[in-house]
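Remarks on the overall topology
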Amino acid sequence: MNTTELISLLAIAVAAAAPIVIAAIGETITERVGVINLSADGVILLAGLGGFVAAQTTKNVWIGFVAAAIVGSLVALVVAFGAITLKQSQTAIGFVLALLCTDLSSFLGAPFVLTDAPRVPSWPLPLLSDIPYLGPILFHADAVVYFTYLLIGVSWFYFYKTRPGLLLRSVGEQPSAAFARGVPVIATRYLYTIVGGALVGIAGAAFTLDIKAGWTFRHVAGYGWIALSLVIFGGWNPLKVALGAYLFGITQSLLGKAQSVVTLIPSQVFPILPFVFMILVLMVSSGDLVDRMARLFPLGVRRALLRTLRATPPNSLGKPFEQD
Amino acid sequence: MRLEFRNIHKTFGQVHANNDVSFVVEAGTIHGLLGENGAGKSTLVKMLTGFISRDSGEILFDDKPVLIRTPVDGIRQGVGMLHQDPLDFPALTVLENFRAMAGGRWYTAADLRKLAAEFNFDLDPEEQAGNLTVGERQQIELLRLLALGVRTLVLDEPTTGISAHQKDQLFAAMRTLAGQGKSVIFVSHKLEDVEEVCDYATVMRRGGVVGSLPVAKGDDTLAARLVDMMFGRELALPSKPLTTTPTPALVLEDVVLEDERLSIHVPKFIAPCGEVIGLAGLEGSGQRLFILACAGVQAPSRGQIHLRAVNLTHKPYAAYQDAGVCYVPADRMREGLVPGLTIQEHVALRDGSGEFFLNTTAMQQGAERAIAEYKIRGTPTSFVERLSGGNQQRTQLALMPPDLKLILMEHPTRGLDIDSTIWIWKLLIDRCAQGATIMFASSDLDEIVQYSDRVLVFSGGQVSEPISTQGLTADRLGEMIGGKF
Ligand SMILES: Nc1ncnc2c1ncn2[C@@H]1O[C@H](COP(=O)(O)OP(=O)(O)OP(=O)(O)O)[C@@H](O)[C@H]1O
Ligand SMILES: [Mg+2]
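Residues numbered from 1 in each chain as written. Chains lettered and ligands numbered in written order. Predicted model: local features only at pLDDT ≥ 70, side-chain atom pairs only at ≥ 80, totals over all residues. Heavy atoms only, no water.

So, about the sheet that holds strand 14 (residues 302–307) of chain B. Residue and element names in this part refer to chain B. Read from one edge of the open sheet, 4 strands run 12-11-14-15, paired in antiparallel fashion. The open sheet terminates on both sides in strands that have one partner only, identified here as strand 12 (263–272) and strand 15 (310–311). Relative to strand 12, strand 11 (residues 248–258) runs antiparallel, the two being bridged by 9 bridges. In the strand pairing of strand 12, L252 is matched with F269. Its contacts with the sheet put helix 9 (residues 287–295) on strand 11, strand 12 and strand 14, and the angle it makes with strand 11 is roughly 120°. (Pairing = 2+ DSSP bridges. Helix = DSSP H or I, 4+ residues; strand = E, 2+ residues; numbered from the N terminus. Contact = heavy atoms within 4.5 Å. Axes fitted to C-alpha atoms, helices over the stretch in contact; angles between N-to-C directions.)

So, in structure tokens, the structure goes:
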């Protein structure tokens, strides 16, 4: 493999990871506020279909994205109502919705299989795309890919540098303490569950109108679950979640390449290798291995190290809140 | 601002936690709120902030009824409250804890440092709050409320985690607030504190108000009158007989303990059987580290730990438990008890000996015994998080298994009323008579001097030699904590 090949491979991997990053960050936002929305896998399909149909009918690809965001928020609203207001099991609601949306997408999408819709146009960024190596990898793409970069930065900044972001996290950690400090816990949870759902919806459109443009039955099934696990691998931190998604994308494309070269190993092994890799990451980041490693370092370095490596879920993830 | 409670009622299921509570807090005064554990003090003040909603009754500010249903209303009325058990975010940093609120200024680390310096609080804005002691977490919350500029300040047992000197600072701040015409409600079990800082005191008992009275400085009969109102009888402090057995129980040799913040070295330390050792020092000076190491929760980075000639160095926590070690943590809801489980389920957890089926009768009987012996206000099927603060502490103590060799406690009587403090110490002294060694950390120097045989003073990463409490006064101990050995 020469450099040109490698660059094009990486560029494809970065673009291919875009919808997964969007969905994973959406789910990160939802979980950070204390709600688990497991419906992502179905929502990506259903919103992907919605976006595809909207774009096809209006001949406008961006209207497709808006439609997908609306589908995603509506499903999230159902989850929020069941989880926050009715205080039912969030896992059960999300899981059932995931299955339901998948089947619904197959049923409603039947007339659209293998039809055409507008696609997101390619848009190499001037100047930036001329940077050697990085330019062609990162900036020779389209609006969806650039939106992903923006989303990563903005969500990280929002979480850790703004007051609403702090309140978001505080509600996911200790809703009763946030409540005592005047934060409207219920409204906050609704808001970010819906925002997170909208992003998962957008991820669906990013597939059907861009990265895997088109529509077939169960077109992109499975990616929702990957996004959900990436949230955990990334320790609920948008930067690490995105990093995980890109690593996933890159290993997958590299292995896709390797598959055609190495014929000794059965080809079924390759698609699951990224998961093995991620489980290893998870073992390192959530066990006490990190603590033990950190003890080898001096006091000053230790804290920074622990903070970057350790991954703990939001304390009240999945637990409903009620005033006495 | 004048504050009046009028005919307040609140029930939790069967429990009538507040039954027709009425009293007045005059503007510009500090008002003590006293009463046995479970009397309904926290319930009342939580309704004032809107944290819990009231069933009926009125709250009036300057004779005008106000609607307080949620904390947002409470904050709008200028009410701020320091909760009895830290109501904060352990996973967030100190600065984030200080900042996290819906309104008010967006503080910087410099603001926090400045405010902390005024109170001689040593808080690192970037530290994770969960790594701090309960007392230090209360300090953050206190600073936040003071910075917020509340008009009515409620402090629900704020003095557990602060040193004598810091307490003076806090009392001065309270007086300043009162001087500005604001009102302060001070919930406490410490009569000395109430006498020192309060202008009035109201006593509650079983959900109702027994009475209010003015607190005059230098009134000798006040303490006795308050005790009589609270418990209906007189109380006497038990005293610890001197320990004479020289049999060593716990032996530490050349031990180095480290956590993310500090590192302490104990060259050699021996605690004999039956002795009570008090650990004194500012919050977070290493007492917790010392206790965690002796409990087998956190392994020392160097050195040896022996208990009754058994080498426990680097053994798992279970080995320490088998050797008769028991650890009673300060953060009872996070580390001591399991929220969501009942008292009898806790008994089953303690006694669980590998049987597959739960023995409901035995569980219930065990729980009933514990409830009777430790006078817990609750039933075997009460969820622990629903108990009052003091009753949670009693439950935690009641769950200590029999026949212990080493009991390690942080703030053993935090949140207990005077009667139960005395009762608990009687039980602990009995344990010593049976040969148990007790080590406890407390910021109440009177408690340390009263009950310990010897004291270890923690200060600036250093541990003193054991100091005998014969002839030691709380004042002298306070000076030592300040660094004057
Ligand atoms: N959320 C709740 N659910 C059920 N019962 C409760 C709840 N909160 C308090 N109680 C009960 O109400 C009564 C009064 O409790 P409260 O916490 O007000 O007592 P307290 O005076 O603050 O006692 P302490 O000195 O021990 O803190 C107790 O019997 C307690 O068990
Ligand atoms: Mg209380």
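Before going further, it helps to examine helix 6 (residues 143–161) of chain A. Its 19 residues give helix 6 of chain A an end-to-end C-alpha distance of 26 Å, which sits within 8% of 27 Å, the value for a rise of 1.5 Å per residue. Within helix 6 of chain A the residues assigned to the buried category are V144, V145, Y146, T148, L151, I152, S155 and F159 of chain A. (Expected span 1.5 Å × (residues − 1). Buried < 20%, exposed > 50% of the residue type's maximum accessible area, 1.4 Å probe, protein only.)

Angle between the axes and distance between the axes: these two values describe a pair of packed helices. Residues and elements named next belong to chain A. Running from N to C, helix 2 (residues 40–58) and helix 9 (residues 185–211) point in directions that differ by 55°, and their axes come no closer than 7 Å. It follows that helix 2 is oblique to helix 9 by the angle criterion. For the element pair helix 2 and helix 9, the recorded crossing hand is right-handed. Contacts from A40, V43, I44, A47, G48, L49, G51, F52 and A55 of helix 2 reach helix 9 at V200, G201, G204, A205, F207, T208 and L209. (Parallel < 35°, antiparallel > 145°, perpendicular 65-115°, else oblique. Left-handed = near helix turned anticlockwise from the far one by under 90°.)

All right, on to the confidence of the model for chain B then. Mean pLDDT for chain B: 88, with 98% of residues reaching 70 or above. Per the prediction output, this complex has pTM 0.85; the corresponding ipTM is 0.87. (pLDDT = per-residue confidence, 0-100.)

This next bit is on the coordination of the magnesium ion (ligand 2). The textbook angles at a metal center are 109.5 degrees for a tetrahedron of four donors and 90 or 180 degrees for an octahedron of six. Residues and elements named next belong to chain B. Here the magnesium ion (ligand 2) is held by S42 (OG) and Q84 (OE1), and the distances to it run 2.0 to 2.2 Å. With S42 in helix 1 (residues 41–49) and Q84 in the loop between strand 6 (79–82) and helix 3 (94–99), this pair connects stretches of sequence that are 42 residues apart. Across the pair, Q84 and S42 agree in class, each one buried. (Donors = N, O, S within 2.8 Å, 3.2 Å for Na, K, Ca; no water.)

Once that is clear, we can look at the nonpolar core. Judged by nonpolar contacts, the single largest core of 112 residues is most densely connected at I20 and F65 of chain A together with F5, L44, L48 and I185 of chain B. Residue contributions to this core peak at 12 residues, all from helix 9 of chain A. Excluding residues within four positions of it along the chain, F65 of chain A makes contact with V120, V144, I202, A205, A206 and L209 of chain A. Among the nonpolar cores identified, the runner-up in size contains 48 residues, and L34, Y107, A173 and I422 of chain B belong to it. (Core = buried A, V, L, I, M, F, W, Y, C linked by side-chain atoms within 4.5 Å.)

Counting from both sides, the interface comprises 25 residues of chain A and, opposite them, 41 residues of chain B. Of the roughly 2800 Å² buried between chain A and chain B, counting both surfaces, carbon and sulfur atoms make up 54%. Looking at the side of chain A facing chain B, the largest losses of area belong to R163, R181 and D324 of chain A, adding up to 30% of the total buried there. The interface formed by chain A and chain B includes 2 salt bridges. (Buried area = accessible area lost by both parts, 1.4 Å probe. Salt bridge = Lys/Arg side-chain N within 4 Å of Asp/Glu carboxyl O.)

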